[in-house]
Amino acid sequence: MMMRADVAGLSFRGRTASIGFARGPFIRISAGENGERVAGEPQDEALALREAIQASSEQIAELASAAGGEAAQILEFQVALLEDEDFIEPIFADISQGAAADKAWSSALDEQIADYTSASDEYLQARSSDLADLRDRVLHILRGGETQAPKIPKTPGGAVICADDLPPSRFLEIDWSAGGGLALLRGSPTSHVAMLARARGIPMVVQLGALPDAATALLDGESATLELDPGTEQITLFERRREAHRKSRASARAILRRPAATWRGERIRLLINIQRVEDLEHADAQYADGIGLMRTEFLLSGPDGMPDEETQYRVYDAVLRWADKKPVTIRTFDAGGDKPVAGFTPEGEANPFLGLRGLRLCLVRPDLFKVQLRALARAAMRGNLKVMFPMVTLPAELEAARALFAETVADLKAEGIGAMLPELGIMVEVPAAAMAIGDFKAAFFSIGSNDLAQYVLACDRSNGALGTLMDPLHPAVLELIVRTAEHGRRAGAPVSLCGDMASDPHCVPQLLYCGLRELSVNAPSLAQIKQTIDRLSHGGSGG
Amino acid sequence: MLETSADGPFVTGKVRLIHVVGMHARPAVKLTKLAKRFQAQISIRASETADWINAKSVAKVMALRAPRDSTIEIKAHGEDAEAAVAALIDLVATDFPDTGA
């Protein structure tokens, strides 16, 4: 879309795919077509396609190994498609009927591309550029191109590359070491190439529409604008925006680095939730005040089935070592409900969310539960460990778990193995537990707001049809949060909240007003939540 | 669950797709890769009325367009059918982890 032509250069607006700024020469690249192939005998055509597929597989594998990480995963889809017999066989069937290899190949791919492009789902639409990439790569070889990857000439530093759409493999062939940016006429913010651009910090704007040729360009990934052949005034404004962006990012990082968040003079503890040990590798994890929720269900899905004591101990120990003196709250197996585990959770329950899940399930399977408790009791010697039980309804359940844990500790000691009983707390997610919170002799409480809201509102949280009924800020939910927070304050037991609400800047002010002073969020949300609290305490709106 | 059909005994299972964007490229690649490690013939579908499709075909699995929270039904027959169904359920239930699969 053209915005204005009154200043020296033209300005276009698209959609942001990756934030950042690039200023440099404007370079167009295109797919580059060779002539069509003359069909040979069917067996020759089949052989040509087989060889082209093989060569393409090798090129993609080479690109993937050079790029590694996320890029490699993205290219895996293309390799998987080349290895998909259901997909490839009909193409060879066409060839045996006399079709030329290139025509048979591209019509099969075009059909898939059209199918993806017409999808209502943006993620699926975005996959069509992966397919176009694959189509063109194989075609290039079939139509006599070298079997070496077509090289894009080395781009000058900071160039703004313009293309209709850019497949991931072409992105990886461009040398981005000197920066630069990507301006696409079509494309999508959810495409694989957009993920790659974000991962590499390359600014990218998509859906710019038709663009004229130009010598130089300014690409602003934040406001999604592309300015061609800019005048001096445009360049000055662009550099000002670039500088403002740099400062704002630096200030979010600075807030993260501050030791503590405070609100109304009270310390707000910000902890993180982790699903698995690798989550600790997030760059911001180190700024958390500890781990508010470590889920352990991932241990149940290993290739060898139920993890033994040693395997579990090593995982818990690794997390405690990472945390050093900071608190680590580990939740015992929370299987069942929407988290079925073969061989552990019951089958055929009419309503698994109200069934044998969480601590209920662990208490009827003491054989499996004791293995986890043994590993936790040993790990408790290694750091600031707290253990919490999920899906608790009655104080008697907490006491049964405590008794089993104490027995486990005694067994370990009798065997001469170092062990201790850690602090024990409960998840507050069953409304009855929140209503009768004063009856629980727990050292701490953690509000599982996702389940609490779904039980209070009688809304399956995974049922999109319920829409706005599923509102975690409903007064009934907030009342139970207040009740729990007040009890914690009176009893001297810390209360945190570890559901999705804690990671949502719009919910955070309400949670603080409810009396919560500990929130456990996902590591990628940590900076934003800390900034939200910082703005609230400085009289901002918190938005 | 063990059942029988004209093709002989087969094993079935169901699992909810919790992946945030549904059955997209990366989940589909992981699912087909895992399915290919078994000898059994494995079919899946994302709704009770849909046709069964080959779980070893990434193009077909993508074409399911299974959204988040849909229930994936799995059916397998062959020697290692039981292990195949269990492994696939596990993969989907654990949200396609990057390791161990």
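Residues numbered from 1 in each chain as written. Chains lettered and ligands numbered in written order. Predicted model: local features only at pLDDT ≥ 70, side-chain atom pairs only at ≥ 80, totals over all residues.

K.L.:
So, the overall build of chain A: which residues are in play, and what are the values?
P.N.:
Along its length, chain A carries 17 helices and 18 strands. Looking at chain A as a whole, 45% of its 543 residues qualify as buried. When contacts within chain A are restricted to residue pairs at least 6 apart in sequence, long-range pairs at least 24 apart make up 67% of them. (Helix = DSSP H or I, 4+ residues; strand = E, 2+ residues; numbered from the N terminus. Buried ≥ 20, exposed ≤ 12 C-beta atoms within 10 Å, placed from the backbone. Contact = placed C-beta atoms within 7 Å.)

K.L.:
Outline the overall build of chain B, listing residues and values.
P.N.:
A count of helices and strands for chain B gives three helices and five strands. Counting helices and strands in the order they occur from the N terminus, chain B gives β-β-α-β-β-α-β-α. Classification of the 101 residues of chain B by burial places 48% in the buried group. A separation of at least 24 residues holds for 70% of the contacts in chain B among residues at least 6 apart in sequence.

K.L.:
Provide a residue-level description of unusual backbone geometry, including the pertinent values.
P.N.:
Residues and elements named next belong to chain A. The phi dihedral of Arg264 is positive, around 50°, even though this residue is not glycine. Assignment of secondary structure puts Arg264 in the loop between strand E10 (261-263) and strand E11 (266-274). C-beta crowding within 10 Å serves as the criterion here: with 9 such atoms nearby, Arg264 is assigned to the exposed category. The residue Asp324 is not glycine, and still its phi comes out positive at about 55°. Looking at where Asp324 falls in the secondary structure, it is placed in the loop between helix H9 (309-323) and strand E13 (328-331). Asp324 gets classed as exposed once you count the C-beta atoms within 10 Å, which come to 10.

K.L.:
With reference to specific residues and values, describe the interface of chain B and chain A.
P.N.:
A common way to state how big an interface is: give the accessible area lost once the parts meet. Listed per partner, the contact involves 23 residues of chain B and 25 residues of chain A. Of all the secondary-structure elements, those providing two or more residues to the side of chain B that touches chain A are strand E2 (8-16), helix H1 (25-36), helix H2 (58-63) and helix H3 (81-93) of chain B. When grouped by side-chain class, the residues that make up the side of chain B that touches chain A number eleven nonpolar, six polar and six charged. (Nonpolar A, V, L, I, M, F, W, Y, C, P; charged D, E, K, R; others polar.)

K.L.:
Kindly report on the packing of helix H2 (residues 69-82) of chain A against helix H5 (residues 122-142) of chain A, identifying the contributing residues and their values.
P.N.:
Residue and element names in this part refer to chain A. At a minimum axis separation of 10 Å, H2 and H5 run at an interaxial angle of 60°. Here H2 is positioned oblique relative to H5, judged by the angle of their axes. As for the relative orientation of H2 and H5, their crossing is right-handed in sense. Of the residues in H5, those touching H2 at Phe77, Gln78 and Leu81 are Asp130, Asp133 and Leu134. When the residues that make up the contact of H2 with H5 are grouped by side-chain class, the tally is three nonpolar, one polar and two charged. (Axes fitted to C-alpha atoms, helices over the stretch in contact; angles between N-to-C directions. Parallel < 35°, antiparallel > 145°, perpendicular 65-115°, else oblique. Left-handed = near helix turned anticlockwise from the far one by under 90°.)

K.L.:
Can you break down helix H11 (residues 366-379) of chain A residue by residue, with the values?
P.N.:
At 3.6 residues per turn, the α-helix brings residues three or four places apart onto the same side. Residue and element names in this part refer to chain A. An ideal rise of 1.5 Å per residue puts 20 Å on 14 residues; H11 measures up with 19 Å between its terminal C-alpha atoms. Buried residues of H11: Phe369, Gln372, Leu373, Arg374, Ala375, Leu376, Ala377, Arg378 and Ala379, and no others. Taken together, the buried residues of H11 touch H9, E13, helix H10 (359-364), strand E14 (385-389) and helix H12 (395-414). (Expected span 1.5 Å × (residues − 1).)

K.L.:
I'd love a proper account of helix H15 (residues 475-491) of chain A, names of residues and values included.
P.N.:
Residue and element names in this part refer to chain A. Counted at 1.5 Å a residue, the expected span for H15 with its 17 residues is 24 Å, and the 24 Å between its end C-alpha atoms agrees. Within the span of H15, buried status applies to Val477, Leu480, Ile481, Thr484, Ala485, His487 and Gly488. Buried residues of H15, seen end-on, are gathered within an arc of 160° and therefore sit on one face of the element. Those residues of H15 that are exposed and aimed more than 90 degrees away from the buried face are Pro475, Ala476 and Arg490. Of the surrounding secondary structure, the elements contacted by the buried residues of H15 are strand E15 (423-428), helix H13 (431-435), strand E16 (444-447), helix H14 (449-457) and strand E17 (495-497). Just past H15, the residue Gly492 takes up positive phi, approximately 70°. (Arc of directions from axis to C-beta.)

K.L.:
How would you sum up the packing of H2(A) against H1(B)? Please name residues and give values.
P.N.:
It is the contact of H2(A) with H1(B), at a shortest axis distance of 9 Å, that shows an interaxial angle of 55°. When the interaxial angle is binned, H2(A) and H1(B) end up oblique. Judged by the twist between their axes, the crossing of H2(A) over H1(B) is left-handed. Of the residues in H1(B), those in contact with Gln73(A), Glu76(A), Phe77(A) and Ala80(A) of H2(A) are Ala25(B), Arg26(B), Val29(B) and Thr32(B). In the contact of H2(A) with H1(B), the residues fall into four nonpolar, two polar and two charged.

K.L.:
Can you break down the confidence of the model for chain B residue by residue, with the values?
P.N.:
Residues and elements named next belong to chain B. Taken residue by residue, chain B gives an average pLDDT of 85. The fraction at 70 or more is 89%. Per-element mean pLDDT across chain B ranges from 55 in strand E1 (residues 2-5) up to 94 in strand E3 (residues 41-45). As scored by the predictor, the complex reaches a pTM of 0.52 and an ipTM of 0.86. (pLDDT = per-residue confidence, 0-100.)

K.L.:
Describe the nonpolar core, naming the residues involved and giving the relevant values.
P.N.:
Membership of the largest hydrophobic core comes to 101 residues, with the highest contact counts inside it found for Ala84(B) and Leu88(B). No fewer than three residues from each of domain 1 (2-29 + 153-251) and domain 2 (42-142) of chain A sit in this core. Sequence-distant contacts of Leu88(B), that is, excluding residues within four places in its chain, are made with Leu31(B), Leu34(B), Ala35(B), Ala55(B) and Ile74(B). (Core = buried A, V, L, I, M, F, W, Y, C linked by C-beta atoms within 7 Å. Domains from an automatic or database assignment.)

K.L.:
Could you give me a rundown of the environment of Leu218(A), with the residues and numbers involved?
P.N.:
Residues and elements named next belong to chain A. Here Leu218 shows up in strand E8 (residues 216-220). What makes Leu218 buried here is the crowd of 26 C-beta atoms within 10 Å. Here the alpha-carbon distance between Leu218 and Ser11, two residues 207 residues apart in the chain, equals 9.2 Å. Once you skip the residues sitting within four places of it in the chain, Leu218 turns out to touch Arg23, Glu227, Pro230, Gln234, Ile235 and Phe238.

K.L.:
Please set out the pairing of E15(A) residue by residue, giving values where relevant.
P.N.:
Residues and elements named next belong to chain A. When E14 meets E15, the two strands line up parallel, connected through four bridges. Among the inter-strand pairings, Met388 is bridged to a residue of E15, identified as Gly425. Taken together, E14, H12 and E15 form a β-α-β motif whose crossover is right-handed. Strand direction decides the pairing type here: E15 and E16, joined by four bridges, are parallel. Across the sheet, Val428 pairs through a bridge with Ile447, a residue of E16. (Pairing = 2+ DSSP bridges. Right-handed = clockwise from strand over helix to strand, strands pointing away.)

K.L.:
Tell me about the environment of Thr16(A), and name the residues and values.
P.N.:
Residues and elements named next belong to chain A. Within the secondary structure layout, Thr16 lies in strand E3 (residues 15-18). Owing to 20 C-beta atoms within 10 Å, Thr16 belongs among the buried residues under this scheme. Separated by 190 residues in the primary sequence, Thr16 and Val206 place their C-alpha atoms 6.4 Å from one another. For Thr16, the contacting residues outside a window of four places in its chain are Pro189, Val205, Gly221, Glu222 and Ala224.

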